[in-house]
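An overview of the molecular structure
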Amino acid sequence: MTLEDDDLNGTDRAIVEELERGRVTPQFLAGELDISRPYASERLKRLLEHEHVERLAPGLYELSQDPREGDPDD
């Protein structure tokens, strides 16, 4: 089940914006968004579980489906 825009918090939206620019690591997000690295990892894990990001390598993530755009099957 994918997430919808209403399911995202402010940090999730900021992470998706960074992912639109390219691949990210939790450490990069922590620095860019002024959040802790564990919190960045937690939010990425949630997006991964809902198939919005893909893990390319340990600690490296890429956007696969933007949750702000809604369900493509609607």
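Criteria and thresholds
- Residues numbered from 1 in each chain as written.
- Predicted model: local features only at pLDDT ≥ 70, side-chain atom pairs only at ≥ 80, totals over all residues.
- Heavy atoms only, no water.
- Helix = DSSP H or I, 4+ residues; strand = E, 2+ residues; numbered from the N terminus.
- Buried < 20%, exposed > 50% of the residue type's maximum accessible area, 1.4 Å probe, protein only.
- Contact = heavy atoms within 4.5 Å.
- Areas by Shrake-Rupley, 256 points an atom, 1.4 Å probe, with all protein chains shown as cover.
- Expected span 1.5 Å × (residues − 1).
- Arc of directions from axis to C-beta.

**Comments concerning the overall build of the protein chain**
Helix and strand content of the protein chain: three helices and two strands. For the protein chain, the α and β elements follow one another from N to C terminus as α-α-α-β-β. Scored against the burial criterion, the 74 residues of the protein chain give a buried share of 30%. Taking the intrachain contacts of the protein chain between residues at least 6 apart in sequence as the baseline, contacts between residues at least 24 apart amount to 52%. Accessible surface, the protein chain as shown: approximately 4600 Å² in total, 42% of it carbon and sulfur.

**Points about helix H1 (residues 10–21)**
With 12 residues, H1 extends 17 Å from end C-alpha to end C-alpha; this agrees with the ideal 16 Å at 1.5 Å per step. Among the residues making up H1, those that are buried are Thr11, Asp12, Ile15, Val16, Glu18 and Leu19. All buried residues of H1 fall inside an arc of 160 degrees around its axis, so they share one side. Pointing more than 90 degrees away from the buried face of H1 are the exposed residues Gly10 and Arg21.

**Quick notes on the environment of aspartate 6**
Position of aspartate 6 relative to the elements: it lies in the segment before H1. In this structure aspartate 6 comes out as exposed when scored by relative accessible area, which is 72%. With 35 residues separating them along the chain, aspartate 6 and serine 41 place their C-alpha atoms 21 Å apart.

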